Each structure stands twice: as C-alpha cells, then as structure tokens.
Amino acid sequence: MARNTVTVPYLRRTAQPAGATLTTKPMREPNEQSAGATAQQIENPSGRLLEVVRQLVLDLHPHRKRGLDVKWDSRLDRDLGVDSLGRAELLSRVERTFRVRLGEGALGRVETPRDLLEAIQKAGAAEIEDWASGPVDSRLSEPSSFVAAPVSAATLTEVLDWHAQKHPDRPHIVLWDEPREPAISYRALADDARAVARGLLARGFEPGARAALMLPTGKDFFHAFFGILYAGGIPVPIYPPARLSQLEEHLRRQVRILENAGVSVLVTVPEARTAAAFLKSHVRGLRWVETTGKLRSEGESRERAAGPAGCGPESIALLQYTSGSTGDPKGVTLTHANLLANIRAFGERLNIDSTDVCISWLPLYHDMGLIGTWLGSVYFGGPIVIFSPLTFLARPEQWLWAVHRHRGTISAAPNFAFELCLRKIDDRDIEGLDLSSWRWLLNGAEPVSPQTIQRFSERFAKFGLRPEAMAPVYGMAENSVALTIPPAGRPPIIDRIDREAMTHRGEARPATPGDTNALEFVACGSPLRGHQVRIVDSLGREVEDRRQGRLQFRGPSATQGYYRNEAASRQLIDGQWLNSGDLAYISGGEIYLTGRSKDMIIRAGRNLYPHELEEAIGKIDGVRKGCVAVFASTDAAAGTERVVILAETRLTSETGQQALRRRIEDAAAELLESAPDEVVLAPPQTVPKTSSGKIRRSAARQLYESGQLTSGRRAVWWQVARLGFSGVFRSAQQAARDAGKLLYAAWFWAVIGVAAPATWLLVVLLPRRPWRFAALRAAARLIFGALAIRVDVSGREHLPARGGILVSNHASYLDGLVLARALPNQFAAVAKKELLAHFVTRLFLQRIGALFVERFDTTGSVEDSRAVVTAARNGETILVFPEGTFTRMPGLLEFRMGAFVAAAASGLPLAPVTLRGTRSILRDGQWLPGRAPVHVEFSQPLHPGGDNFEAALRLRDEARKEILSRCGEPDLAGERTILG
C-alpha cells in the first residue's frame with residue numbers, strides 16, 4: 001500500500017453521544033457522475049468523498065491514473081482494486097476528512113462508495129474513547145494467579161479436560177469485540193464443546209472424519225474446534241469471507257480445499273447454510289452444512305456421554321491449510337504430539353506460564369493465531385483477549401489499548417501490522433497508553449523488516465515499550481507454528497551485510513561501518529529445544545557460517561507431509577529434513593532470513609501462489625499464453641509485499657491495453673480475493689524464461705525493481721538479453737563454485753588419507769613421548785597448511801606452567817588435531833573407554849598418554865576420576881571436552897562434572913579453551929568438508945576455591961560461561977537428552 005498522501009489534519013475526537021448530528025454540510029444525493037478533481041466537486045461533501053476514494057486508488061495503483069473512473073456503485077475490490085488493507089486505509093481517511101466514527105463493522109459492510117456515503121450519514125460525530133482512565137473490564141479485573149500446566153497431557157482434549165477439572169471457573173477467553181459477554185471459563189468451553197460433539201455424533205459423525213470450520217473470530221469457533229476433537233474428528237479451519245455479500249463466490253473458492261480434505265461436515269455461519277446444495281454437488285462426501293449454535297443446542301438436549309475413544313498423541317489433531325491459494329491445496333498434517341511439542345517448546349523459550357495475558361487479533365484459521373496464541377493459552381492456563389482481525393485493521397490502536405487495559409504480556413503479528421500501527425495511529429489516539437507490561441512482541445509470519453522494528457521500538461518507547469520486548473521470530477505451519485525464537489531480554493540484532501558479497505557469492509560478509517549500500521537482515525533466534533535447522537547449498541551440503549543457502553529443519557513439531565498430496569509432500573521432505581522454501585544464513589547459531597527459494601508471495605500475512613494466477617491470466621484474450629510472470633516486490637511503506645503481474649501482449653493501442661489491464665485485474669481479484677498492486681503490460685519476448693521455457697520470476701522481479709521494464713532507455717529485448725546473459729553467467733559461477741567444492745573435498749580427503757597413516761606410524765614407533773607430540777604437532781601444521789586452513793591461536797600466556805586442567809568446547813572431528821597444533825607442550829587427553837575396543841585408536845591414544853574414563857558404570861567412573869586427579873597432581877596437563885560429545889547443530893551443550901571435580905579435588909587451576917570454526921569445516925554426520933578459519937583462544941585460569949562438590953559446580957559454571965561468551969554459538973543446555 002502506498003503511504004498516506006491526504007493532507008487533512010487528524011482532528012481530535014470530541015465527546016459527543018453516539019448518533020449526534022454531523023457538523024459538516026448535509027450530503028447531497030449521489031448521482032452517477034464520475035469523480036473528478038475540480039474545486040467545485042471537492043466543495044460539496046459527496047464529491048469530496050469520491051475524491052477521497054479516487055486518491056486512495058491512485059495511491060494504491062498509480063498506473064491507473066488515466067483510465068480511473070470512480071462511480072458511486074463501483075465495487076471497491078473488483079472495480080477499484082482496494083483490498084482489505086486498502087479498505088482500512090480508506091475508512092481511516094474518510095473518518096479524518098469528515099470527522100466521523102464509522103464503527104468497526106463498516107470494514108466488512110462497505111462495498112461501494114455509495115455504501116460508504118450511507119455509513120457516513122448514519123454515523124455519529126467522532127468521539128474519543130478514554131481507554132486510559134475508563135472503567136476497568138471486570139472480566140479480567142484481577143491479575144492471573146499461577147496454575148501449573150498439564151505436562152503429562154498427550155492430546156489437546158486432555159489439556160482442556162485437565163484445566164476444566166483443576167480450576168473450572170478460571171477465565172480463559174475474553175472477547176474484546178463483545179464487552180457484554182462474560183469471559184469464557186475452562187468449564188464453559190469444555191461443556192459447550194462437548195455439547196457440540198454430542199450434536200455431531202447424533203448426526204452420525206465418525207471418528208477420524210474431517211470437519212471444516214469457516215467461522216469468524218468468536219465463541220462459536222472455539223466451541224466447534226474442541227467439539228470436533230471431542231467427537232474424535234479432525235478440524236479443518238478455513239478462512240471466512242471478509243464480507244457476507246461475497247459468501248457465494250468465497251465458497252466457490254474453497255471447494256478445492258474441502259474436496260482435498262474430504263470433509264463430511266462444514267460448520268459455518270447461518271448465511272452459508274443456503275449454499276449447502278451447491279457445496280454438496282461439488283464436494284464429494286460433504287453430508288451437511290450446519291452452525292455451531294444448532295449443533296450445540298442439539299447436543300445439550302442429549303444425554304451427556306464421553307466422546308469416542310481412540311484419540312492418541314499420534315492422531316491427527318488439525319489440517320492446517322495455507323491462507324492463500326486454493327488451486328493446489330496443501331493441508332499440513334499435524335498430530336496432537338506435533339502441536340503439544342511445539343507449544344511446550346516455544347513456551348519454554350518465552351518462559352510462558354499461567355500469569356501471562358495474551359492479546360491477539362490474529363485470524364484463527366492461521367497457525368500463529370490458532371496455535372501460537374489461542375492453543376498456547378489453553379495449554380499454559382493464561383487468559384487470552386481476542387478480537388477480530390477486522391477490528392484491528394479498522395482501528396489498530398485497539399490492539400495497544402487491549403494491552404494497556406488487560407496488562408497484556410504477549411502478542412504476535414506479521415510485519416505489516418506494525419507498519420499499520422506506525423502509519424494509522426496518531427499520538428492523540430493513545431494519550432495515557434501504557435505498554436510496559438508487554439514482555440514479548442513477536443514479529444513473524446512474513447518477512448521482518450529491520451526498519452519496521454527500529455521505527456516501532458522508537459515510536460512506542462515513550463509509551464513504555466521496552467526494546468527487548470521486540471522479537472523477530474521464524475516459523476511455518478509445516479513445523480506447527482514456531483521454529484526459531486531469540487533469547488529473552490535481548491533487543492533485536494540487525495546484521496549489516498556487504499551487498500555485493502551477498503548478491504554475487506551468497507556470502508554474508510559484514511559491511512564496513514560507512515557502507516550506505518549495505519543490506520540489513522534481522523536475527524530470528526535459534527531453534528527451539530529439540531528442533532534443528534541447517535543451511536545447505538545446491539549440492540545438499542551443509543554450508544559454513546555466514547553462507548546463504550536453503551534452510552531445512554526437523555524436530556518433534558514437524559509435519560509428516562501434506563494431506564492427500566503426495567507430490568507436494570515429496571518436494572517438502574528431503575530424507576530426515578524438511579525444506580522450508582526459504583533462503584537464510586547462520587551466524588552465532590542464529591537464523592537470518594534473506595529471501596525465498598520458492599515463489600510464494602506473502603502479502604499482509606497471507607500466502608499467494610503465482611503459478612495459478614499466471615495460468616488464469618494466460619487464458620485472457622490479448623495475453624500471450626505462457627508469457628506471464630507474477631512476483632512479489634517489497635513495499636517498504638506498508639511493511640509487506642506488493643503483487644506485481646508482468647504480462648506480454650501484442651496490443652499496442654492505449655485503449656486496448658487499458659481494457660486488457662482491467663480484465664487482468666478482475667481475474668486476479670476473482671482468484672485471490674485481493675487485487676494486484678500493479679499490472680505491467682510488455683511486448684513479446686519480455687518475460688524471462690529458462691532454456692526449458694520455465695518462467696524466471698526472480699529475474700522478472702529484478703527487471704521490474706531496476707526500472708528496466710518502464711525506463712524506455714533500452715529496447716526490452718536488449719534488457720532481457722542482458723538479464724539472460726547475467727543469469728547464464730551467474731549459473732556458470734555457481735557451477736564453478738560447486739565444482740570447486742567437490743575438488744576441494746577430494747583434495748581434503750587425499751591429504752588426510754596420506755597424512756593420517758604416516759602420523760599414526762610415527763606416534764606408534766617413536767620411543768619417547770615428547771618426540772611423539774612433536775611429530776603430531778608437525779603433522780597438524782602440515783595438514784592445515786596443505787588444506788589452506790588458517791589456525792589463529794591467542795592467550796597461550798594463560799596456560800599453566802606445569803599441571804592443570806584444560807576444558808574445551810567440542811564442535812568437530814578436527815578439534816583434537818587443532819589443539820595438538822595449538823598447544824605448545826604435551827598433554828593427556830581424557831577419552832571414553834569405548835575407544836579401547838578399537839586397535840587403531842587404542843594404540844594411538846595410549847602412545848600419546850590419553851586417560852580413559854568409564855562413562856556409564858558408576859564405580860568405574862569414580863576410579864577413573866581418581867586416576868585423572870593423580871595425573872594432574874603429578875604435573876600432567878589434562879585436556880577434557882566436558883560436553884562429552886558434539887552435534888551438527890551449533891551450540892554449547894551441558895558440561896559433565898568430571899573435569900571440575902578433578903580440578904577441585906587436586907586444587908589445580910582450570911583453563912577454559914574456546915574453539916571457533918571447526919564445526920563449519922567438518923561437522924557431525926557430514927563428509928563433504930568446507931573451508932573456514934579456525935580460532936583457538938585460551939582464557940585465564942580459574943581457581944577452585946575449595947575441594948568440595950559445590951566448588952566444582954562453581955568452577956563448571958564459570959568455565960561454561962566463559963566459553964559460551966566466546967564461542968559465538970547459542971546455549972544448548974538441556975539438548976543432550978534429545979540430540980544424544
């Protein structure tokens with residue numbers, strides 16, 4: 001959406017009663033004249049209204065300036081291309097211009113300028129709500145008390161039953177849009193949901209059957225969702241129509257989803273029941289269409305009984321369809337175990353408990369609104385204040401006032417929502433606002449703008465918003481909802497990257513301080529506990545830090561695939577990993593999203609798929625079939641993405657092109673329920689394609705954003721040819737890089753293959769231990785030199801002169817060799833006793849003086865620890881990897897106690913050692929090596945300060961804190977039990 005260009009100042013609302021007469025001149029009856037820009041028309045209110053509408057359309061679609069004809073009965077969506085965000089902006093401009101309050105319902109009712117005029121005539125003079133000092137909402141008048149979470153529950157129904165039994169009257173849901181409705185308690189939710197379940201079962205609903213939910217935000221949705229689960233069914237939330245006047249055409253768009261899910265029931269609004277005959281004829285298996293209220297009333301009249309048995313943790317709990325395209329429906333299959341694993345994991349990262357108050361306007365058919373806010377609140381027992389997305393779009397300040405009024409602590413929203421608050425909220429609307437209770441404000445579901453985060457934090461800091469509350473996050477429905485979240489108590493991190501290095505080589509090299517052309521990416525945190533991510537290149541090899549690649553993930557929250565869509569599931573699943581479709585790099589264990597490898601467009605939190613629209617537009621007379629590209633272009637003003645359509649045509653006349661552009665806009669609105677932001681008509685041979693004829697959407701976007709499609713400086717064929725050459729050149733560069741990686745891998749293993757046996761022989765045959773270490777150290781220098789791996793060492797002066805214990809983080813198979821290269825003197829490495837079973841490793845380790853310890857037998861472990869203490873007291877330098885193992889995922893695992901007990905018992909100093917870079921070269925489970933510099937840093941020794949176990953604990957914590965602060969990886973304490 002273009003930024004607001006209206007110059008009329010926003011007038012403070014006056015406290016007048018609803019229904020008061022307007023102070024503006026009375027509206028004249030509208031006629032069918034078109035909107036103009038003359039002073040005479042702007043003088044009268046009706047003409048002024050049309051001018052407001054016209055100006056908004058021009059802001060949204062500048063290319064329509066010549067052919068724009070705004071009439072009283074023009075449809076805002078179909079005729080004028082005004083989507084939901086544009087509609088919200090239009091109502092805001094009308095209220096400012098005419099000093100009225102239209103009410104939240106106008107956003108869903110107004111279809112034409114004539115409807116808007118009638119709404120203005122019926123509205124009262126605008127008045128300001130005194131949220132700061134108004135009466136307290138008694139539904140949550142007391143702070144939430146603490147209650148435990150149902151940690152043993154295996155299904156969502158068990159979660160609700162647990163709360164309903166433990167504290168039945170505890171307030172759970174407050175409906176902001178319905179102030180006269182009491183808070184919904186856990187008992188009320190469970191009772192009404194069970195009534196719906198009995199109503200379903202009475203109609204022959206069977207366990208495992210799918211029931212679609214097409215309901216707006218409200219109590220009917222909550223009752224129906226859990227009612228379906230209690231009946232043993234699978235809820236399938238789909239988004240309701242924005243306006244009831246569009247109900248029929250909306251239902252037509254949902255047929256493919258309903259058919260793919262195989263639904264037998266559609267639970268919806270009363271108005272949709274009239275379409276039951278149509279739906280039954282188009283959706284095989286659909287038996288009936290009913291409302292929540294009717295099912296609930298039928299269930300209430302029946303004997304109370306438990307629902308069908310057999311629902312377990314691996315049962316499907318939800319089919320989550322994306323909120324955009326319906327041509328190739330992708331229903332994410334999520335089990336109860338998936339959902340509860342994700343809820344527990346993000347709750348742990350966010351430190352959520354029952355005293356938290358969630359404030360949400362997110363749609364309930366979307367994973368972040370359904371799972372991240374509502375079901376999360378159900379699990380942890382905290383209250384949630386919920387209101388309609390339309391309320392937010394019409395008056396975004398109400399989101400902030402809900403936080404103020406109910407002392408909200410957690411909220412989430414897509415990036416566009418923060419931009420909407422910045423553009424639409426006037427300081428005079430939020431006088432007295434207090435946002436200091438907000439401890440988590442999650443920004444996700446679409447690309448996060450660093451500028452949006454900075455501006456939002458700065459703008460609302462004076463209202464008590466703390467910078468560390470802002471949290472860019474990353475997730476997707478395929479992983480239930482959340483995947484990565486930043487640590488608590490840290491403001492957002494914005495990484496400034498050298499543009500040329502990123503765009504040409506995919507290298508996230510930090511930009512110089514004075515670089516004004518730098519790219520900026522925001523850190524979205526590290527994976528939730530038990531979940532993993534990796535970045536892979538075109539060869540499927542996990543790349544080193546600060547290298548862009550395709551992001552893959554896995555974990556207990558991950559789906560098993562798309563429901564009844566094997567082709568899409570095959571594209572999603574890559575062995576043990578799932579493809580996110582996103583591009584990213586990792587630095588310091590945190591994810592930085594850089595773009596998408598797939599072509600999906602995310603606009604205002606909604607997913608749109610280009611290929612369907614391209615196919616539909618290609619069928620329009622005048623458009624060259626197969627020569628249409630639909631792509632996203634970032635809209636910095638709106639904080640979301642613009643939808644751009646590039647279509648080839650042989651039409652050259654202005655009249656013909658205007659008519660064609662209009663037909664394309666109508667087709668887009670028909671398919672997507674959202675008008676495109678711009679339609680670009682171009683001559684033949686403009687749309688970039690691969691040699692096999694596939695549309696190159698990213699190349700089309702590059703042409704568009706560089707202005708080459710409209711600049712007129714060069715012939716289009718020349719521009720496309722140049723772009724094509726550039727694409728071929730980059731493909732050649734990528735192929736050369738891939739070949740270089742394979743050649744380097746061959747060289748790497750050739751060097752290891754020659755050096756390892758020679759080193760083993762020298763160590764085994766040399767008679768004296770100092771000679772063996774000298775040979776080992778020389779071999780390490782030769783190996784790293786031959787592999788062009790730089791090893792930087794610092795802090796050698798901190799090493800104990802004689803004796804002492806060294807503890808190092810463990811990241812790679814190369815760590816021992818690196819430390820042999822870095823340490824100036826011989827040392828005794830502590831190794832697990834299992835290695836004694838292998839002749840080659842046993843003989844080598846024995847010859848360099850390794851100490852073997854038992855990890856699993858308690859008695860043996862105690863004896864081995866005593867041997868380590870004795871060796872340390874005798875002047876031996878002991879090297880220990882206290883993590884005990886390493887993983888492919890960046891991060892520092894928990895430390896075992898052996899080394900610290902030994903240090904405390906011997907009274908010897910303990911020196912922390914930090915390794916960086918070895919994981920990027922050769923990580924666990926990977927045999928295709930990379931290249932990265934290696935750093936070894938010796939920290940100042942720590943002294944025990946006692947010989948008891950408490951002293952050992954202090955020593956462990958201090959050493960781990962020191963290594964964690966220097967290794968550049970996240971804290972994975974607690975991951976050992978999951979990662980092994």
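Quantities reported herein were computed from a predicted structural model and do not represent experimental measurements. (Residues numbered from 1 in each chain as written. Predicted model: local features only at pLDDT ≥ 70, side-chain atom pairs only at ≥ 80, totals over all residues. Heavy atoms only, no water.)

## Concerning the sheet that holds strand β20 (residues 526-527)
Worth spelling out the cut-off: Paired strands are those between which DSSP finds at least two bridges. A run of DSSP states H or I qualifies as a helix once it reaches four residues; a run of E qualifies as a strand once it reaches two. Both are numbered from the N-terminal end. Whether two residues touch is decided by their heavy atoms; if any such pair falls within 4.5 Å, the residues are in contact. Between the N-to-C directions of two axes lies an angle of 0 to 180 degrees, each axis being a line fitted to C-alpha atoms and, for a helix, fitted only over the stretch in contact.
If you walk across this open sheet you meet the 3 strands as β16-β17-β20, and the pairing is antiparallel. Two strands lie at the open edges of the sheet, namely β16 (474-475) and β20, each paired on one side alone. Bridging between strand β17 (residues 482-485) and β20 involves 2 bridges; their strand directions are antiparallel. Its bridge partner lying in β20, Ile485 is registered against Ser526. Each of β17 and β20 is contacted by helix α12 (residues 336-350), which is oriented at about 15° to β17, the strand it contacts most.

## Quick look at the sheet that holds strand β32 (residues 804-808)
Taken in spatial order, the 7 strands of this open sheet run β31-β37-β36-β32-β35-β33-β34, and their pairing is mixed. The two strands at the open ends of the sheet, each matched to only one other strand, are β31 (791-794) and β34 (851-853). Neighbour-to-neighbour, the strand axes of the sheet open up by a mean angle of 25°, direction not taken into account. With 4 bridges joining them, β32 and strand β36 (residues 910-916) adopt parallel strand pairing. Bridging across to β36, Ile805 finds its partner in Leu910. The strands that helix α30 (residues 949-967) touches are β32, β36 and β37 (934-938); relative to β36, the one it contacts most, it runs at about 25°.

## Considerations on the environment of Glu894
Put simply, the rule is: Only protein chains enter the calculation, and the probe is 1.4 Å; a residue is then buried if its accessible area is under 20% of its type maximum, exposed if over 50%, and partly exposed in between.
Along the chain, Glu894 falls in the loop between β35 (877-880) and α28 (898-906). Residue classification places Glu894 among the partly exposed residues on the basis of a relative accessible area of 35%. The spatial distance from the C-alpha of Glu894 to the C-alpha of Pro882 is 8.0 Å, given a sequence separation of 12 residues.

## Quick look at the confidence of the model for the protein
The cut-off we apply is this: Confidence scores per residue from the predictor, reported as pLDDT, run from 0 to 100.
Of the residues in the protein, 83% have a pLDDT of 70 or more, and the chain-wide mean is 82. When the criterion is pLDDT under 50, residues 1-43 qualifies, and its contacts beyond four places in sequence or with other chains add up to 100 contacts.

## Observations concerning the nonpolar core
For clarity, the cut-off: Remark: nonpolar core denotes a set of buried residues (Ala, Val, Leu, Ile, Met, Phe, Trp, Tyr, Cys) joined through side-chain atoms within 4.5 Å.
In this structure, Leu102, Phe222, Phe225, Phe226, Trp374, Trp399 and Phe460 are the most contacted members of the largest nonpolar core, which totals 177 residues. Those residues in contact with Leu102 that lie beyond four places of it in its chain are Leu91, Val94, Glu95, Arg109, Leu116, Ala119, Ile120, Ala123 and Arg395.

## As for the pattern of salt bridges
Selection criterion: Salt bridge criterion: a side-chain nitrogen from Lys or Arg within 4 Å of a carboxyl oxygen from Asp or Glu.
One pass over the structure, following the stated rule, counts 39 salt bridges. Of the charged contacts, one joins Asp426 and Arg428 as a salt bridge, the two residues approaching to 3.1 Å between their closest N and O atoms. By relative accessible area, which is 31% here, Arg428 ends up partly exposed. The salt bridge partner of Asp495 is Arg546, with a shortest N-O separation of 2.9 Å. Residue Asp495 is found in strand β18 (residues 494-497), and its partner Arg546 is found in the loop between β21 (532-536) and β22 (549-554); the two are separated by 51 residues along the sequence. In the salt-bridge network here, residues are joined through shared partners; they are Arg203, Glu290, Lys294 and Glu298.

## Some points on unusual backbone geometry
Even without a glycine there, the phi angle at Ser480 is positive, about 75°. Of note, Ser480 is situated in the loop between β16 and β17. The exposure class of Ser480 is buried, given its relative accessible area of 0%. Of note, Arg546 is a non-glycine position whose phi angle comes to about 60°, a positive value.

## A word on the packing of α28 against α30
Note the following rule: In what follows, roughly perpendicular refers to angles from 65 to 115 degrees, roughly parallel to angles under 35, roughly antiparallel to angles over 145, and oblique to any angle outside these ranges. By convention the crossing between two helices is left-handed if the near helix lies anticlockwise of the far one by an angle smaller than a right angle, and right-handed if it lies clockwise. Classification convention: Asp, Glu, Lys, Arg as charged; Ala, Val, Leu, Ile, Met, Phe, Trp, Tyr, Cys, Pro as nonpolar; all other residues, Gly among them, as polar.
Axis separation between α28 and α30 bottoms out at 8 Å; the angle between their running directions is 125°. In terms of orientation, α28 and α30 fall into the oblique class. Between α28 and α30 lies a crossing of right-handed hand. The segment α28 lies against α30, with Phe900, Val901, Ala903 and Ala904 engaging Phe949, Ala952, Leu955, Arg956 and Ala959. For the contact of α28 with α30, the per-class residue count stands at 8 nonpolar, no polar and 1 charged.

## Examining helix α16 (residues 415-424)
Of all the 10 residues making up α16, 10 are buried; the element is thus mostly covered by neighbouring parts of the structure. Buried within α16 we find Asn415, Phe416, Ala417, Phe418, Glu419, Leu420, Cys421, Leu422, Arg423 and Lys424.

## Remarks on the packing of aromatic side chains
As a reminder, the rule being used: Between rings of Phe, Tyr and Trp, where Trp is taken as its six-membered ring, a pair exists when centres lie within 6.5 Å; planes separated by under 30 degrees are stacked, by over 60 edge-to-face, and by other angles tilted. As a reminder, the over-ring test applies to NZ of lysine and CZ of arginine, requiring each to be within 6 Å of the ring centre and within 35 degrees of the ring normal.
Applying the stated criterion to the full structure yields 29 aromatic pairs. Look at Phe221 and Trp374: their rings are 6.4 Å apart centre to centre, the planes differ by 70°, and that puts the pair in the edge-to-face class. A residue pair is termed long-range when its members are at least 10 positions apart, and Phe221 in helix α8 (residues 219-230) and Trp374 in helix α13 (residues 367-380) qualify at 153 residues. What makes Phe221 buried here is its relative accessible area of 1%. Residues Trp760 and Phe839 carry aromatic rings whose centres are separated by 6.4 Å and whose planes lie at 55° to one another, so their mutual orientation is tilted. Of this pair, Trp760 sits in helix α23 (residues 716-765) while Phe839 sits in helix α26 (residues 839-847), and the two are 79 residues apart along the sequence. An aromatic cluster is defined as three or more aromatic residues linked by ring pairs; in this entry it consists of Trp361, Phe392, Trp399, Phe416, Phe418, Trp438, Phe456, Phe460 and Phe463. One residue, Arg194, lies across the ring of Tyr230, its end atom 4.0 Å from the ring centre.

## Notes on the pairing of strand β6 (residues 234-237)
Basically, it comes down to this: By definition, the crossover connecting two strands over a helix is right-handed if that path, from the first strand to the second, turns clockwise as seen with the strands pointing away from the viewer.
Of the two faces of β6, the one carrying Ile234 and Val236 and the one carrying Pro235 and Pro237 are both buried. Alignment of strand β5 (residues 210-214) against β6, held across 4 bridges, turns out to be parallel. Of the residues in β6, the one forming a bridge with Ala212 is Val236. Crossover β5 to β6 through α8 is right-handed.

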